[in-house]
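# Structural overview for review
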Amino acid sequence: MSAYHFTLPSSSGEDFVSDQHLPLIIYFYPKDSTPGCTTEGLDFNARLGAFKALGYTVVGISRDSIKSHQNFCTKQGFQFELLSDQDETVCKMFDVIKLKKLYGKESLGIERSTFVLNEQGEIIHEWRKVKVAGHAQEVLDTLSA
């Protein structure tokens, strides 16, 4: 079992067991149906065939509910699963919960981050404080190199 082994409820309606989907691209995002998160999801979705051709599974993780994820997937046509981490177990495992400031208010939230796990479930690439524009392509370029 890998160091980054986890099981989370998925937008597919079933539990997603990370070790059954290695190698794996996990992107953490703050909130369903917000502009940046929608763009990021669409960018990963557009490159899904290329990621699959390289052998990778792609999943998105946020603290939103499964119902919210299912609505988001349906509305945007995502062909990959979104995982619900409402108790932040996996977010904490990857250390993506950070103090954020928005309009002068501080709150704990998910820092947009992407991790690539190899067949052994070890992190081989990570991006933190991700800027959405061009990010999915950068991940693809890195894995294609």
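For the structure itself, consult the block above.
Right, let's walk through the structure included here. Treat the numbers as computed from the prediction; the structure is a model and nothing was measured.

## Section: the sheet that holds strand β8 (residues 113–117)
With mixed pairing, the 5 strands of this open sheet are ordered in space as β5-β4-β3-β8-β9. Looking along the sheet, the strands with just one partner apiece sit at the ends: β5 (81–84) and β9 (123–127). Between one strand axis and the next, the sheet turns through 20 degrees on average, direction left out of account. Bridging between β8 and β9 involves 4 bridges; their strand directions are antiparallel. What sits directly across from L117, in β9, is I123. Contacts between helix α1 (residues 35–46) and the sheet are confined to β3 (24–28), β4 (57–62) and β8, with β3 contributing the most and set at about 165 degrees to the helix. Against the sheet, helix α5 (residues 135–144) contacts β3, β8 and β9, and its axis sits at roughly 155 degrees relative to β9.

## Things to note about α5
The complete set of buried residues in α5 reads H135, A136, V139, L140 and L143. Down the axis of α5, the buried set is contained in an arc of 145 degrees. They therefore lie on one face. Buried residues along α5 sit in contact with β3, α1, α2 (48–53), β8 and β9.

Reading the values: rules and limits
Residues numbered from 1 in each chain as written. Predicted model: local features only at pLDDT ≥ 70, side-chain atom pairs only at ≥ 80, totals over all residues. Heavy atoms only, no water. Pairing = 2+ DSSP bridges. Helix = DSSP H or I, 4+ residues; strand = E, 2+ residues; numbered from the N terminus. Axes fitted to C-alpha atoms, helices over the stretch in contact; angles between N-to-C directions. Contact = heavy atoms within 4.5 Å. Buried < 20%, exposed > 50% of the residue type's maximum accessible area, 1.4 Å probe, protein only. Arc of directions from axis to C-beta.

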